[in-house]
Amino acid sequence: MTTPDIRVEKGHAEPEEVAAITAILLARAAAQPSTPPTHRGRPKAGWRRLEREPGFRAPHSWH
């Protein structure tokens with residue numbers, strides 16, 4: 001006897017439910033692009049480290 005590829009960890013699933021979730025997973029896997037998107041360098045963070053900020057800011061400046 002072979003071990004199944006999908007196993008229910010908790011509870012009980014009928015064979016139809018296992019077949020349905022298998023079909024959904026296979027459809028999602030087929031819909032994924034075959035090549036990963038190309039990134040140009042590292043994304044820029046939306047925040048700054050406080051220790052790298054200057055200690056004084058003019059009263060009329062804002063961030």
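Residues numbered from 1 in each chain as written. Predicted model: local features only at pLDDT ≥ 70, side-chain atom pairs only at ≥ 80, totals over all residues. Heavy atoms only, no water.

Visitor: I'm lost on the overall build of the protein chain in this one. Help?
Guide: A count of helices and strands for the protein chain gives 1 helix and 0 strands. Sorting the 63 residues of the protein chain into buried and exposed places 2% on the buried side. On the protein chain, roughly 7,100 Å² of surface is accessible, and the fraction owed to carbon and sulfur atoms is 59%. (Helix = DSSP H or I, 4+ residues; strand = E, 2+ residues; numbered from the N terminus. Buried < 20%, exposed > 50% of the residue type's maximum accessible area, 1.4 Å probe, protein only. Areas by Shrake-Rupley, 256 points an atom, 1.4 Å probe, with all protein chains shown as cover.)

Visitor: Hey, could you run me through the pattern of salt bridges in this one?
Guide: It is possible for side chains of opposite charge to pair when their charged atoms get near one another. Summed over all chains, the structure comprises 1 salt bridge. A salt bridge links R7 to E9, with the nearest nitrogen and oxygen atoms 2.6 Å apart. Summarising the burial analysis for this pair, R7 and E9 share the class exposed. (Salt bridge = Lys/Arg side-chain N within 4 Å of Asp/Glu carboxyl O.)

Visitor: Could you clarify how one ought to interpret a nonpolar patch on the surface in this entry?
Guide: The grouping of I6, I21, I24 and L25 at the surface amounts to a nonpolar patch, some 340 Å² of accessible area in total. Checked against the element boundaries, I6 lands in the segment before helix 1 (15-31). (Patch = residues over 30% accessible without salt bridge, like charges linked within 9 Å, V, L, I, M, F, W, Y side chains within 5 Å.)

Visitor: Which parts of the structure should I look at to understand the environment of I6?
Guide: Looking at I6, the relative accessible area reads 36%, which means it is partly exposed. Along the chain, I6 and V18 lie 12 residues apart, while their C-alpha atoms are 7.7 Å from each other. When sequence neighbours within four positions are dropped, the list of residues in contact with I6 reads V18 and T22. (Contact = heavy atoms within 4.5 Å.)

Visitor: I'm lost on the environment of T22 in this one. Help?
Guide: Counting through the fold element by element, T22 comes out in helix 1. Expressed as a C-alpha distance, the spacing of T22 and I6, which sit 16 residues apart in the sequence, is 7.9 Å. Engagement of the side chain of T22 in a polar contact is seen with the backbone oxygen of V18, the distance being 2.7 Å. (Polar contact = N/O pair within 3.5 Å; in protein donor to acceptor, adjacent residues only side chain to side chain.)

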